[in-house]
Amino acid sequence: MAADTSLDLPTRHDLSEVLRHDMWNHVNFAVPQANMDELEACIATLMPWQLWAKTPTMLGYRFHTNYEWGMAFFQPSVHASTFARVIAEVRQERPDLDEAIKGLESLTPDVNDHTGFIVKSEEEWEARLAGFQAASRNHPEWQVTVTGILRPDDPEALTDRLAQAWIRLGLLGPIRNTFEMQYLNPGSLSAQEIESAGGVSATPRQERTSD
Ligand SMILES: [Fe+2]
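Cut-offs used in this document
- Residues numbered from 1 in each chain as written.
- Predicted model: local features only at pLDDT ≥ 70, side-chain atom pairs only at ≥ 80, totals over all residues.
- Helix = DSSP H or I, 4+ residues; strand = E, 2+ residues; numbered from the N terminus.
- Buried ≥ 20, exposed ≤ 12 C-beta atoms within 10 Å, placed from the backbone.
- Contact = placed C-beta atoms within 7 Å.
- Core = buried A, V, L, I, M, F, W, Y, C linked by C-beta atoms within 7 Å.
- pLDDT = per-residue confidence, 0-100.
- Pairing = 2+ DSSP bridges.

Turning our eyes to something else, we now look at the overall build of the chain. Looking only at helices and strands, one finds six helices and eight strands in the chain. Looking at the chain as a whole, 18% of its 211 residues are labelled buried. Of the contacts made within the chain by residues no fewer than 6 positions apart, 57% connect residues no fewer than 24 positions apart.

On to the nonpolar core. Among the nonpolar cores identified, the biggest contains 25 residues, and Ile43, Val144, Ile167 and Leu171 are the most heavily contacted of them. Elements that contribute at least two residues to this core include exactly helix 1 (36-46), strand 3 (58-62), helix 4 (122-138), strand 6 (144-150), strand 7 (162-169) and strand 8 (178-184). Here this core takes five residues from strand 7, the largest share from any one element. With near-sequence residues (within four places) excluded, isoleucine 43 lies in contact with Trp49 and Tyr61.

Our focus in this paragraph is the confidence of the model for the chain. For the chain, per-residue confidence averages 88 on the pLDDT scale, and residues scoring 70 or more make up 89% of the total. Here residues 1-6 is modelled with pLDDT under 50, and outside its nearest four sequence neighbours on either side it reaches ten contacts, counting other chains as well. Low pLDDT (under 50) marks residues 206-211, which in the prediction has two contacts with non-local residues, meaning those over four places away or in another chain.

Moving on to the pairing of strand 7. Burial within strand 7 is extensive, with seven of its eight residues counted as buried. As paired strands, strand 7 and strand 8 are joined by seven bridges and run antiparallel to one another. Among the inter-strand pairings, glutamine 164 is bridged to a residue of strand 8, identified as glutamine 182.

As structure tokens, this is what we get:
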């Protein structure tokens, strides 16, 4: 996928113009060394991220021309390799560890560790989700699993403001390996509209409608 890194933001190094306080802006994963090549192929196919820094010890992706507006780094680590290997071994010996990991994976995905990104439209979200599902079937070597899908009109949806899909990349390791992909539902109230009416934008739907 081609990367669109254009964004109408100030180019000068003065974030005080656009930031009122902190902003999450990057993630980093220590990855089992043997998984790096497959991970690069997986991301190149499934994520429209620009591979902006590639060294023997790092894959660095940016989401915008201004790096500070979103980056993801993946670094091979011998310790990540050892951790993945030992966890796999110990899971065979300790049913409680195996159950704990499976339990985390089977929780409502929003509870488990994950890192979220948002895409620009429902159309893109659906197309990307279809891509993840196809990769799960067609590229088992990428270890892609869609662990949950909530569209805004689903009865189980946590909110009507967002769609949510959780995608686990097993190549990242046995835990902390999941991304959440969202789009903002244009049919819902904006956070500003909710708050100006005295609501709290983060209030789950069922609480808000019971008011
Ligand atoms: Fe989330």
